[in-house]
Amino acid sequence: AQSVTQLGSHVSVSEGALVLLRCNYSSSVPPYLFWYVQYPNQGLQLLLKYTSAATLVKGINDFEAEFKKSETSFHLTKPSAHMSDAAEYFCAVSSGGSNYKLTFGKGTLLTVNP
Amino acid sequence: EAGVTQFPSHSVIEKGQTVTLRCDPISGHDNLYWYRRVMGKEIKFLLHFVKESKQDESGMPNNRFLAERTGGTYSTLKVQPAELEDSGVYFCASSHPKGITHGGELFFGEGSRLTVL
């Protein structure tokens, strides 16, 4: 079975500081990995995805994530936080070798302080 | 192009009542999924349609939940009778026929929040 662990249900950073949201996964097959973001009162939006190409993946709004197979990690980073980055972030892995069923982490709520 | 739309955005019902949630996927997306997030928990897969056929309904909690996608367009998710533990946010998503393994992605709606009192 696939699983995702997001360390820290709530992360708080200052505006301009580095954002680091942690995600570790468990998968018996080469995984597809995703980060989704949910802004207040909106749906889930794809930030970036890893699908077995480059291990460093760049997404929207200057977010990026690095797939590290040896550490089974897919941490999300952004060099400088903006107030508009305040949202809930979800890491997800494709499940069971299928191409559709996502297994999500519990989410990390990011707060950006002025 | 319109995104995935869900209706209603919020529904409050009493235990034992029936609720029907609707999802309109992006036009041309054969794949339609339902997910649910119960408060404080992770988002969990409920089921997957390919056109009008149920490809996988392994995540459906019990037989009080019925999903349909007549004609392969919009989908409905009915909960009858609703129980307190059914409260949560129900997300619908759709994807291109090629799916995730071919570089596609899931496009999510804003969710339907269900509160059962």
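The structure contained in this document is the topic of the report that follows.

The next subject is the overall build of chain B. When you go through chain B residue by residue, the secondary structure sums to zero helices and 11 strands. Reading the secondary structure of chain B in the N-to-C direction produces β-β-β-β-β-β-β-β-β-β-β. Rg of the C-alpha trace for chain B: 14 Å, near the compact-globule value of 13 Å for 117 residues, within the 12% margin. Of all 117 residues assigned to chain B, the portion counted as buried reaches 47%. Of the contacts made within chain B by residues no fewer than 6 positions apart, 54% connect residues no fewer than 24 positions apart. Accessible area for chain B stands at about 5800 Å²; split by element, carbon and sulfur atoms hold 48% of it. Looking at charge distribution, chain B has the averaged site of its 13 positive side-chain charges lying 3 Å from that of its 14 negative ones.

Here the focus is the state of the cysteines. Residue and element names in this part refer to chain A. Taken as a whole and judged by the stated rule, the model has two disulfides over all chains. The residue that forms a disulfide with Cys 23 is Cys 91, at a sulfur-sulfur distance of 1.9 Å. Between Cys 23 and Cys 91 the sulfur-sulfur dihedral comes to about -65 degrees; the bridge is accordingly left-handed. Highlighted residues: Cys 23 in strand S3 (residues 19-26) and Cys 91 in strand S9 (residues 87-94), separated in sequence by 68 residues. Per residue, the accessibility class of Cys 23 equals that of Cys 91, and both read buried.

For the rest of this paragraph, the subject is the pattern of salt bridges. With the rule as written, the count across this model stands at nine salt bridges over all chains. Note that A:Lys78 is salt-bridged to A:Asp85, the shortest N-O span being 2.8 Å. Its relative accessible area of 3% is what places A:Lys78 among the buried residues. With relative accessibility at 2%, the residue A:Asp85 sits in the buried group. Across the salt bridge formed by A:Glu88 and B:Arg37, the nearest N and O atoms sit 2.9 Å from each other. Placement of A:Glu88 in strand S9 and of B:Arg37 in strand S4 (residues 31-37) is noted, with the two residues assigned to different chains. Within this structure, B:Arg64, B:Glu85 and B:Asp86 form a network of salt bridges that share partners.

Considering all chains together, one arrives at 14 aromatic pairs over all chains under this definition. Aromatic pair A:Phe34 and A:Tyr36: ring centres 6.4 Å apart, planes at 35 degrees, arrangement tilted. Take A:Phe34 and A:Tyr36: they sit in the same class, and that class is buried. Each ring, one from A:Tyr36 and one from A:Phe104, has its centre 6.1 Å from the other, and the planes form 55 degrees; the classification is tilted. Of the two residues, A:Tyr36 sits in strand S4 (residues 33-38) while A:Phe104 sits in strand S10 (residues 102-104), which places them 68 residues apart along the sequence. Aromatic ring contacts, followed pair by pair, group A:Phe34, A:Tyr36, A:Phe90, A:Phe104, B:Tyr35, B:Phe45, B:Phe91 and B:Phe108 into a single cluster.

Take the environment of B:Asp30 next. Along the polypeptide, B:Asp30 turns up in the loop between strand S3 (19-24) and S4. Excluding residues that lie within four positions of it along the chain, B:Asp30 makes contacts with B:Phe49, B:Val50, B:Lys51, B:Arg69, B:Ser95 and B:Pro97.

This part is about the interface of chain B and chain A. Counting from both sides, the interface comprises 23 residues of chain B and, opposite them, 20 residues of chain A. Listing elements by their share of the side of chain B that touches chain A, those giving two or more residues are S4 and strand S5 (43-50) of chain B.

What follows deals with the nonpolar core. Core analysis: the largest hydrophobic core is formed by 27 residues, its most contacted members being A:Trp35, A:Leu48, A:Phe74, A:Leu76 and A:Tyr89. Of all the elements in the fold, those that place two or more residues in this core are strand S2 (10-14), S3, S4, strand S5 (44-50), strand S7 (64-68), strand S8 (73-78), S9 and strand S11 (108-113) of chain A. Core analysis: the next-biggest nonpolar cluster, separate from the first, contains 21 residues, B:Val4, B:Cys23, B:Phe49 and B:Ala67 among them.

Calculation rules
- Residues numbered from 1 in each chain as written.
- Chains lettered and ligands numbered in written order.
- Predicted model: local features only at pLDDT ≥ 70, side-chain atom pairs only at ≥ 80, totals over all residues.
- Heavy atoms only, no water.
- Helix = DSSP H or I, 4+ residues; strand = E, 2+ residues; numbered from the N terminus.
- Rg over C-alpha atoms; globule rule 2.2 N^0.38 Å.
- Buried < 20%, exposed > 50% of the residue type's maximum accessible area, 1.4 Å probe, protein only.
- Contact = heavy atoms within 4.5 Å.
- Areas by Shrake-Rupley, 256 points an atom, 1.4 Å probe, with all protein chains shown as cover.
- Lys, Arg positive; Asp, Glu negative; His and termini not counted.
- Charge placed at Lys NZ, Arg CZ, Asp CG, Glu CD.
- Disulfide = S-S within 2.5 Å.
- Salt bridge = Lys/Arg side-chain N within 4 Å of Asp/Glu carboxyl O.
- Phe/Tyr/Trp six-rings, centres within 6.5 Å; stacked < 30°, edge-to-face > 60°.
- Core = buried A, V, L, I, M, F, W, Y, C linked by side-chain atoms within 4.5 Å.

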